[in-house]
Structures are given as C-alpha cells and as structure tokens.
Amino acid sequence: MPVDEAMISSAAPDTTLTAPGPILLLGAPGAGKGTQAKVLMEQWSIPQISTGDLLRALRSDPIESSSPLGQQIRNLMDSGRLVPDELVQQIVEARLQKSDTARGYVLDGFPRTLPQALWLDDMLARTDGMPPVIAVSMRVSYTDLLRRITGRRSCPVCFRIYNVYSNPPLLDTICDIDASPLVQRVDDSENVFAERIRTYEELTAPVVAHYRGQGRFAEVNGDLPVAAVNRAVSLAILGLRS
Ligand code: AMP
C-alpha cells in the first residue's frame, strides 16, 4: 500500500524519543511490515532495513544475478523458501555498519529464523550505546494475508504498489502514474504464498516466541487500516522504550 503524508501525520503520536534504537517488526508475509516500517522511518527519521529488498537488489545486480549464488537466491525466493542464514546475516551486518543506523532502525523481515535471532541478539550485545532491541508483532488473519499477497501488483517503473482488491489502479492493470503495465512478484502467487506461510509457521513463529519470552515485546492487531495499525505500533514502541 502506498504511504502518503496524510496517513503519516494523522497517525503520528507525539514522539520525542531521541534514539528509538533497534526495532523489529515481526509478522507473516502480507502482515504489512513494509508499509508500517516506511511510516516509522518517516516519523522517527531512522532507516527501514528490509532483508527482502536487500536480497532483491542483490539478485537483480547485473554481476551477482548471473553468479551461482545469485541463481540460488533467485530460486529460493521465487519458491517461497528462505535464503541461508549466514548470507542474510552478512548482508544485515554490512547494512548496520552504515552511519544512518546510529540512532536506530526498523528491521523488516529479519530475523526470520531462531538462529538469525540469536545471531542478532549476540551482535547487539556487543554494540555500544544502543538501547536493547524491542519487537512488535503484527497479527493478521489468514484470509487478509491471502488477499494482500495475491492481490499485490507493482509498477516496475515508479515502484508504486497497488492491490487489485483493496487499492486497484484506475485502469485495469496499468499504473495510474506512468501507464506502465503492472507486474506481480513471482512469490506472490497463491501456491508460493502457501509455501511462504508454511515456512513462516515452521521457522519464523519460534522467533516471535523468542522475543515474547524476552519481555521487550508487544503484539498489535494488523487487520486494521494502516493509520490505526501505525498508532498501535508507535504506542507500543513508546511503551517498550519508556
Ligand atoms: P519479503 O520481501 O520480506 O517477503 O522477503 C522475500 C523473500 O526474501 C523471502 O520469501 C525469502 O526467500 C527472502 N528473505 C527475506 N528475508 C529473509 C531472511 N531474514 N532470511 C532468509 N530469507 C529471507
């Protein structure tokens, strides 16, 4: 879903946190982590770090895409399976070294396995000056997840995202902005969605349990409109940081 200014300002609670620190957004594919991460990024002036986006950039890189590693990443992503932990960890570690992460960041799509979570906890424990990680999990019903994922289309030129059920373009499958034909991610088809949900339940649900057990954790209802979810997420973050 596109994020516009009205959405952000109507939803934004008054926040005065100077260092939001590391924030994990957890939730199944289609829960709206990317949308919420983008709103938080604007509100708190911290970067969104999406491992899905970083991996898509890597696999579309002209050199990497033709390498065996690039092919392996493509095959795993297109079939709804996870990329090996070590590779994603390396990508996250390199990204976290950039200076824009000094006040905090929103991790979207990471950690997705228990070993990734343990790796992150260990790395953060060795990072000076950062408040401890907090995790917000977004709960969304299966029916909504299915509609959000299988209805998602994007413009390959301006990257605007539509949903054929809830946010369709004005004309059939054509971008409102630049009239380019919209495309569907290979892994957004219904059968790959089923595999992604299976992967989530098997490998990522234990990550939610891990952070729930640590205490610096909140759960919000992700079925609500974007602004309402943002309000709940922001309040959860303020509560966990206070
Ligand atoms: P996303 O855009 O977050 O839905 O991620 C798309 C795909 O990228 C996933 O289905 C995985 O194949 C891969 N991916 C993203 N994040 C991770 C991660 N933390 N660990 C392993 N694979 C990942």
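Residues numbered from 1 in each chain as written. Predicted model: local features only at pLDDT ≥ 70, side-chain atom pairs only at ≥ 80, totals over all residues. Heavy atoms only, no water.

Asks: For this particular structure, what's the right way to read the overall build of the protein chain?
Replies: Across its full length, the protein chain holds 9 helices and 7 strands. A compact globule built from 242 residues would reach a C-alpha radius of gyration of about 18 Å, and the protein chain, at 18 Å, matches this within 12%. By residue count, 45% of the 242 residues in the protein chain fall in the buried class. Sequence separation of 24 or more characterises 72% of the internal contacts of the protein chain that already satisfy a separation of 6 or more. (Helix = DSSP H or I, 4+ residues; strand = E, 2+ residues; numbered from the N terminus. Rg over C-alpha atoms; globule rule 2.2 N^0.38 Å. Buried < 20%, exposed > 50% of the residue type's maximum accessible area, 1.4 Å probe, protein only. Contact = heavy atoms within 4.5 Å.)

Asks: Looking at this structure, I do not really get the layout of surface pockets. What am I missing?
Replies: Gaps left between atoms show up when a probe the size of a water molecule is rolled over them. Computed from the structure, the second largest pocket encloses a volume of approximately 210 Å³. When residues of the lining of the second largest pocket are traced back to their parent elements, those giving at least two are β4 (134-139), α7 (142-150) and α8 (190-214). Considered class by class, the residues forming the lining of the second largest pocket number 10 nonpolar, 2 polar and 3 charged. (1 Å grid on protein atoms, 1.4 Å probe; cavity = no way out; pocket = protein on both sides within 12 Å on 5 of 7 lines; lining within 4 Å. Points joined across faces, edges and corners; volume = space filled by probe spheres on them. Nonpolar A, V, L, I, M, F, W, Y, C, P; charged D, E, K, R; others polar.)

Asks: How should the packing of helix α3 (residues 51-59) against helix α4 (residues 68-78) be read in this particular structure?
Replies: Relative placement of two packed helices is described by the angle separating their axes and the distance separating the axes. Remark: α3 packs on α4, axes separated minimally by 9 Å, with the N-to-C direction vectors making an angle of 135 degrees. Overall, the two elements α3 and α4 adopt an arrangement that is oblique. Here the hand of the crossing between α3 and α4 comes out left-handed. Residue-level contacts link G52, L55, R56, L58 and R59 of α3 to G70, I73, R74, M77 and D78 of α4. (Axes fitted to C-alpha atoms, helices over the stretch in contact; angles between N-to-C directions. Parallel < 35°, antiparallel > 145°, perpendicular 65-115°, else oblique. Left-handed = near helix turned anticlockwise from the far one by under 90°.)

Asks: How should the packing of aromatic side chains be read in this particular structure?
Replies: Ring pairs (aromatic) are described by centroid distance and by the angle formed between their planes. Applying the stated criterion to the full structure yields 2 aromatic pairs. Seen in terms of ring centroids, F110 and W119 are 5.9 Å apart; in terms of plane orientation they differ by 90 degrees. Their pairing is edge-to-face. In this pair, the class of F110 matches that of W119, namely buried. (Phe/Tyr/Trp six-rings, centres within 6.5 Å; stacked < 30°, edge-to-face > 60°.)

Asks: Sorry, what's going on with the site of the ligand here?
Replies: Near the ligand you find 16 residues, and of these T51, R56, R81, G109 and Q116 are the closest. Take G109: an N or O atom from its main chain is 2.9 Å from a nitrogen atom of the ligand. In the model, a nitrogen atom of the ligand is placed 3.0 Å from a nitrogen or oxygen of the R112 side chain. Relative to its unbound accessible surface of 480 Å², the ligand loses 95% to contact with the protein. The residue inventory of the shell around the ligand, partitioned by class, reads 6 nonpolar, 4 polar and 6 charged. (Near = heavy atom within 4 Å. Polar contact = N/O pair within 3.5 Å; in protein donor to acceptor, adjacent residues only side chain to side chain. Areas by Shrake-Rupley, 256 points an atom, 1.4 Å probe, with all protein chains shown as cover.)

Asks: Hey, could you run me through unusual backbone geometry in this one?
Replies: Residues apart from glycine generally show negative phi values, whereas peptide bonds are mostly found in trans. Cis geometry is found at the peptide bond from F110 to P111, where omega equals 0 degrees. With respect to the helices, strands and loops of the structure, P111 is situated in the loop between β3 (104-108) and α6 (114-125). In this model, D172 sits at a positive phi of 40 degrees, which is unusual for a non-glycine residue. Summarising the element assignment, D172 is placed in the loop between β6 (161-163) and α8. We classify D172 as exposed; its relative accessible area is 66%. The backbone of A179 sits at a positive phi, close to 65 degrees, despite the residue not being glycine. Within the secondary structure layout, A179 lies in the loop between β6 and α8.

Asks: Honestly, the sheet that holds β4 in this entry has me stumped. Any pointers?
Replies: Whenever strands of a sheet pair, they do so through backbone hydrogen bonds, lying parallel or antiparallel. Taken in spatial order, the 5 strands line up as β2-β3-β1-β4-β7 in an open sheet, and their pairing is parallel. The sheet terminates laterally at β2 (48-50) and β7 (217-221), the two strands that pair on one side only. Direction aside, neighbouring strands of the sheet carry axes that sit 25 degrees apart on average. Of the strand pairs in this sheet, β4 and β7 are connected by 5 bridges, and their pairing is parallel. Considered in β7, the bridge of M138 is made with V220. Contacts from helix α9 (residues 226-241) reach β1 (21-26), β4 and β7, with the element oriented near 155 degrees to β4. (Pairing = 2+ DSSP bridges.)

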